[in-house]
Amino acid sequence: MSPVDPSSPENGTVADGLAALVADLRAALEHAKLRGVWAEDPVSVVLPEPEPADTPLPAPPEPPSAPVVPVAAGQWTALAATARREAEERMEVGSQALRLIREDLGECRRCNLCTGRSHVVFGAGSPEADLVVVGEAPGYHEDRQGEPFVGQAGQMLDKMLENVLGLPRAEVYICNIVKCRPPQNRNPLPDEVDACLPFLQRQIAALEPKVLLVLGTVAFKTLFATSQGIMRSRGIWREYSGIPAMPTLHPAYLLRQPQDKRKAFEDLQAVRARYDELGGRRSS
Ligand code: SF4
């Protein structure tokens, strides 16, 4: 097709017609805008605006959370009452078992230590203790009062239990290898240990503690039938009848050798960690 020459008189009518058509179209567009048919530029109405590059993705839907079952105030009271009843039953069973062992021991004359004693020092503490402390033998004050670890060494033991283990004396059970005081606080003789040991074994079996704390050479050598000294053995876990047992220094020794308190402190820290790991009870 040849281009249109608007200067040609022959094409003047065509050019005029085209100009009129453009003018009509413009008028129509203006009219449409005024009526709101195209409020915006028609191109941008058809194609959506591109998303900005940093527009965050929509968050995934939240997973359904577990339904919260409300516990009514009355239920709390019932749960607390059940826990208290169970604790009392455990205490009663433990008390009863220990009572029977004490009755069997009676006013014991199974070895020569009976001749010089004032009291049989059976043991003391909680019948539901998760920690049992085993010492050597009663001393002067213990013999007079019938309670284990009540003298200066006992005060030291109380501090060790409370300050390092976080357990007051009332929450543990304390007993000895022999239950009568040897004269002049000498070490108990083998036949005295043999006569008395079955009662300690029964006490430990009845209490079923989670951890045993073994104090000093005599207790350590007796329970583990070894000739090894406490200095080389302390701080190393053993097992006694399936119960984790920690040998450490006797409080009476620590009173004479306070520079070794650090060693006992480390042993007790290990006991605390094991006790908590095994779910040992504590009141606070
Ligand atoms: S030390 Fe033990 S076995 Fe010996 S008399 Fe005392 S309670 Fe009996």
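Coordinates for the structure precede this section.
Please read all numbers here as calculations on a predicted model, not as lab measurements.

Analysis parameters
- Residues numbered from 1 in each chain as written.
- Predicted model: local features only at pLDDT ≥ 70, side-chain atom pairs only at ≥ 80, totals over all residues.
- Near = placed C-beta within 6 Å.
- Nonpolar A, V, L, I, M, F, W, Y, C, P; charged D, E, K, R; others polar.
- Helix = DSSP H or I, 4+ residues; strand = E, 2+ residues; numbered from the N terminus.
- Buried ≥ 20, exposed ≤ 12 C-beta atoms within 10 Å, placed from the backbone.
- Axes fitted to C-alpha atoms, helices over the stretch in contact; angles between N-to-C directions.
- Parallel < 35°, antiparallel > 145°, perpendicular 65-115°, else oblique.
- Left-handed = near helix turned anticlockwise from the far one by under 90°.
- Contact = placed C-beta atoms within 7 Å.
- Pairing = 2+ DSSP bridges.
- Expected span 1.5 Å × (residues − 1).
- Arc of directions from axis to C-beta.

Here we look at the site of the ligand
Looking at the ligand, there are 14 residues lining it, with Cys 108, Cys 111, Cys 114, Cys 180 and Cys 196 nearest. Along the lines of polarity and charge, the residues of the shell around the ligand split into 10 nonpolar, no polar and four charged.

Focus: unusual backbone geometry
Within the chain, Glu 208 stands out as a residue other than glycine whose phi angle is a positive 45°. Along the chain, the position of Glu 208 falls in the loop between helix 6 (190-207) and strand 4 (211-215). You can call Glu 208 partly exposed: it has 15 C-beta atoms within 10 Å. Its identity as a non-glycine residue notwithstanding, Ala 225 has a phi of 45°, on the positive side. By the element assignment, Ala 225 lies in the loop between helix 7 (216-224) and helix 8 (230-233).

A closer look at the packing of helix 5 (residues 152-165) against helix 10 (residues 261-277)
It is the contact of helix 5 with helix 10, at a shortest axis distance of 9 Å, that shows an interaxial angle of 55°. Comparing their axes, helix 10 and helix 5 come out oblique. The element helix 5 and its partner helix 10 pack so that their crossing is right-handed. Here helix 5 contributes Met 160, Val 164 and Leu 165 to the contact with helix 10, which in turn contributes Ala 264, Phe 265, Leu 268, Gln 269, Val 271, Arg 272 and Tyr 275. Class assignment of the residues belonging to the contact of helix 5 with helix 10 gives a composition of eight nonpolar, one polar and one charged.

Side note on the environment of Arg 144
Its place among the elements puts Arg 144 in helix 4 (residues 140-145). Given 15 C-beta atoms within 10 Å, Arg 144 falls into the partly exposed group. For the pair formed by Arg 144 and His 119, sequence separation is 25 residues and the distance between their alpha carbons is 6.6 Å.

What about the sheet that holds strand 5 (residues 238-240)?
Taken in spatial order, the six strands make up an open sheet running 1-3-2-4-6-5, and their pairing is mixed. Unpaired on one side and paired on the other, strand 1 (124-125) and strand 5 mark the two borders of the sheet. In the sheet, strand 2 (residues 131-135) pairs with strand 3 (residues 173-176) via four bridges, with the strands oriented parallel. The residue of strand 3 that forms the bridge with Val 132 is Tyr 173. Packing against the sheet, helix 7 makes contact with strand 2, strand 4, strand 5 and strand 6 (243-248), and its axis sits at approximately 125° to strand 4.

Remarks on helix 10
Helix length check: helix 10 (17 residues) gives 24 Å between terminal C-alpha atoms against 24 Å at 1.5 Å per residue, within 8%. Buried residues of helix 10: Ala 264, Asp 267, Leu 268, Val 271 and Tyr 275, and no others. Viewed along the axis of helix 10, the buried residues span an arc of 100°, placing them on a single side of the element. What points out from helix 10, more than 90 degrees from its buried face, is the exposed set Arg 262, Ala 273 and Glu 277. Where the residues of helix 10 are buried, they touch strand 2, helix 5, strand 4, strand 6 and helix 9 (251-256). In the segment just after helix 10, Gly 279 is the residue with positive phi, at about 80°.

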